[in-house]
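Chain by chain, the residues run as shown.
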Amino acid sequence: MDYLNQLLFQFYPYVAGTVFLLGSLVRFDMSQYTWKTNSSQLLDNSPRFQIGSLLFHVGVIFLFFGHLIGLLMPHWLYPYLGLTAGSKQILAMVSGGIAGTLAIVGATILLHRRLFHPKVRAHSTRMDIFILLLLYAQLVLGLFTIPVSYQHLDGSVMLVLGEWAQHIVTFRPGAADFVANVHWVYKLHIFLGVTTFLVFPFTRLVHIWSAPLTYVTRQYQVVRQRRV
C-alpha cells in the first residue's frame, strides 16, 4: 500500500503535470484547428442549456480558484486574514458546497443534453463525453467530502492536504506521506483531479488557455449599415 500511495500521490502528479504542459504545447503547435471549444450551441441553444452552462461554468471556476488558493495559501498567512484553520475549513465547506451544488446542477443538465439530444450526441466525440463524466464524478466526490470534513472541524485534515499540495508544487520530497492516512474520499478526489490535468491536452478543455480576457477592455467594433 505504501508503494501505491507513493506512486499515486508523489510521482503521478508530476507525470500528469508534464503531460498537461507539454501536451498542450504540442497540440497548439501541431493541431491548432482542434484548439477550440467545439461548441454545440448552434445545435441546441435552448434556455435550459443556457442555464446549465451558466451554472456549470460559474460553479467550476469558483471551485478551481477556491482549491488553488485554499491549498497553496501558506499557513502562516491565516492570522493576517483573520482566519484560523478551523474557520477556513468551515468557509471552504460552505462556499464550496454552494458552488459545487451549482456546478453539479449545471453538469447534470449538460450531461443529459450531451447524451440524449440527438444532434448534440451525433456531434459529440468519445472524449467530449468522457471529460464531462470525469468532471461530474469529481463534483460528486467533492460534495461527498463535506460530511467527512464535518467530522473534524479543527481544520487538521485541511492543513495536511495543503501541505501535500505545497510540497508537490515546490518539488519537495515526502508529499505522499501527508495523505497516507486521510479518508479515501479525499484520496479519490485528489486522484481524479490530477487525472483531469493528465487528459486535459486531449480534450476541448484546452480552450481554457485561450480565455478571451482582453475582450472586456477591447475597443468597440464599428458597424455601419450599408445604404442602398
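Everything numeric in this text was worked out from a predicted model, so none of it was measured.

What counts, and where the lines are drawn
- Residues numbered from 1 in each chain as written.
- Predicted model: local features only at pLDDT ≥ 70, side-chain atom pairs only at ≥ 80, totals over all residues.
- Heavy atoms only, no water.
- Core = buried A, V, L, I, M, F, W, Y, C linked by side-chain atoms within 4.5 Å.
- Buried < 20%, exposed > 50% of the residue type's maximum accessible area, 1.4 Å probe, protein only.
- Helix = DSSP H or I, 4+ residues; strand = E, 2+ residues; numbered from the N terminus.
- Contact = heavy atoms within 4.5 Å.
- Patch = residues over 30% accessible without salt bridge, like charges linked within 9 Å, V, L, I, M, F, W, Y side chains within 5 Å.
- Areas by Shrake-Rupley, 256 points an atom, 1.4 Å probe, with all protein chains shown as cover.
- Salt bridge = Lys/Arg side-chain N within 4 Å of Asp/Glu carboxyl O.

(A) Expanded view of the nonpolar core. Among the nonpolar cores identified, the biggest contains 27 residues, and F9, L161, W164, V179, Y186, I190 and V194 are the most heavily contacted of them. Sorting the residues of this core by element identifies α1 (2–30), α5 (126–149), α6 (156–169), α7 (175–178) and α8 (184–199) as the ones contributing at least two each. Broken down by element, this core gets its largest block of residues, 6 residues, from α8. Those residues in contact with V194, other than ones at most four positions away along the chain, are Y12, P13, A16 and W164. Among the nonpolar cores identified, the runner-up in size contains 11 residues, and F56, L110, L132 and L139 belong to it.

(B) Local environment of unusual backbone geometry. A positive phi is found at F171, a non-glycine position, where the angle reads about 55°. As for its position among the elements, F171 is in the loop between α6 and α7.

(C) Seen up close, a nonpolar patch on the surface. Together, L54, V58, I90, V94, I98, L102, Y150 and L153 make up an exposed nonpolar region whose accessible area comes to about 750 Å². When contributions to the nonpolar patch are tallied by element, the ones reaching two or more residues are α2 (47–72) and α3 (85–116). Looking at which element gives the most residues to the nonpolar patch, the answer is α3, with 4 residues. Residue position: V94 is located in helix α3.

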